[in-house]
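Secondary and tertiary structure notes
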Amino acid sequence: MTQPAAATPPIPEAIHELVRTTLAEDLGSGDKTAALIPAGRAATATIISREAGVICGRPWIDEVFAQLKEISGGVTLDWQVRDGDSVEPNTVIAKLQGTARSILTGERCALNLLQTLSATATISRRYAQLVAHTRVKLLDTRKTIPALRLAQKYAVKIGGCHNHRVGLFDAFLIKENHIAACGGIAAAVQRARTLDPELPVEVEVQTMAELDEAIAAKADTVMLDNFDLAQTAAAVLHTAGRVKLEASGNIDDARLVSIAETGVDYISIGALTKHCRALDLSLLLE
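The following paragraphs examine the structure supplied in this document. It should be emphasised that the depicted structure is a prediction, and the values quoted were computed from it without experimental measurement. (Residues numbered from 1 in each chain as written. Predicted model: local features only at pLDDT ≥ 70, side-chain atom pairs only at ≥ 80, totals over all residues. Heavy atoms only, no water.)

1. With respect to the sheet that holds strand β10 (residues 244–248)
Formally: Think of it this way: DSSP has to see at least two bridges between two strands before they count as a pair. Runs of H or I in DSSP of at least four residues are treated as helices and runs of E of at least two as strands, each being numbered from the N terminus. Axes here mean lines fitted to C-alpha atoms, for a helix over just the part in contact, with angles spanning 0 to 180 degrees between N-to-C directions. Should any heavy atoms of two residues lie within 4.5 Å, those residues are counted as being in contact.
Ordered by their spatial adjacency, six strands build an open sheet running β6-β11-β10-β9-β8-β7, and the pairing between neighbours is parallel. Each of the sheet's edge strands pairs with one partner strand only, and the pair in question is β6 (137–139) and β7 (172–174). Taken pair by pair, the neighbouring strands of this sheet meet at an average axis angle of 25°, ignoring direction. Bridging between β10 and strand β11 (residues 266–268) involves two bridges; their strand directions are parallel. Within the sheet, the bridge partner assigned to E246 lies in β11 and is Y266. The sheet contacts of helix α6 (residues 185–195) involve β7 and β8 (201–205), and relative to β8 the element is tilted by about 165°.

2. Details of the packing of aromatic side chains
Using the following cut-off: Stacked, edge-to-face and tilted are the three classes for Phe, Tyr and Trp ring pairs, Trp counted by its six-membered ring, which pair at centre distances within 6.5 Å; planes under 30 degrees apart are stacked, over 60 edge-to-face, the rest tilted. Relative accessible area decides the class of each residue, using a 1.4 Å probe on protein chains only: under 20% of the type maximum gives buried, over 50% gives exposed, and in between gives partly exposed.
Taken as a whole, this structure holds one aromatic pair when the rule is applied. Between the aromatic rings of W60 and Y154, the centroid separation amounts to 5.4 Å while the plane-to-plane angle is 50°, which identifies the pairing as tilted. Placement of the pair is W60 in helix α2 (residues 58–72) and Y154 in helix α4 (residues 149–159), with a sequence separation of 94 residues. Judged by relative accessible area, which is 6%, Y154 ranks as buried.

3. Observations regarding the pairing of strand β9 (residues 221–225)
Quick note on the threshold: Handedness of a crossover is defined as follows: with both strands directed away from the viewer, a clockwise route from the first strand across the helix to the second makes it right-handed.
In terms of burial, β9 is a largely internal element, five of the five residues being buried. Along β9, one buried face is formed by T221, M223 and D225 and the opposite face, lined by V222 and L224, is buried too. Here β8 pairs with β9 via four bridges, running parallel. Pairing of E204 across the sheet is with M223, part of β9. For the crossover from β8 across helix α7 (residues 208–216) to β9, the handedness is right-handed.

Here it is as structure tokens:
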């Protein structure tokens, strides 16, 4: 399988804003319980794993405690793993040292982000390993947790999969309703080339006849929407490399390998970001 490009975190401003919003909804007028602790009291803590998984989210957790510094005192994090490292149960992920108030105030926001992004990286790693013997690239979708789009797409790459378009602005993805509203596949593709010639154009098709229309219209990629295994294999043979093919629609690990082995170029999987279960992590004060 072609290896993904190195995963780079979103720009610092995006990380800062996500953390600011996350802390604001939790803090409100202030952490009432942490106020019971004398100001300035020092503490140490560790973040540990309760199950196996792939760790992801360090830039966001660093930012949580950086923003809390002005509120309740500084915290130093000594990370024991990197983003992308696989861990077993009871692995020490990070050691924290600073004011008890800051550690406990930031605990839930930090763990929420770390657990969710690690979950995305973990399922992405598992899926990537399942098809490592093929040339397919596994893609995420826009089915992300609200406000976590950029963070989850980073986690997908950390896990070893690839990003599809970030949003509605960076590619044309012409689906069934767009085709109907534009008057057909050829008209939609032509209009896309006129509006922005630099953007990639992908067309979703539901039949072999529509596949031929998309090829004739010179789409860059064709999405095979809910094709079964036999139809997908037939589309690969029929296309013979004339256009990139992406399989999509209710693809889980039970179907993933067989679809990858048909020779499609891409498989898009919403489950990478929307079906992930938070990795079980804990923060323990010493």
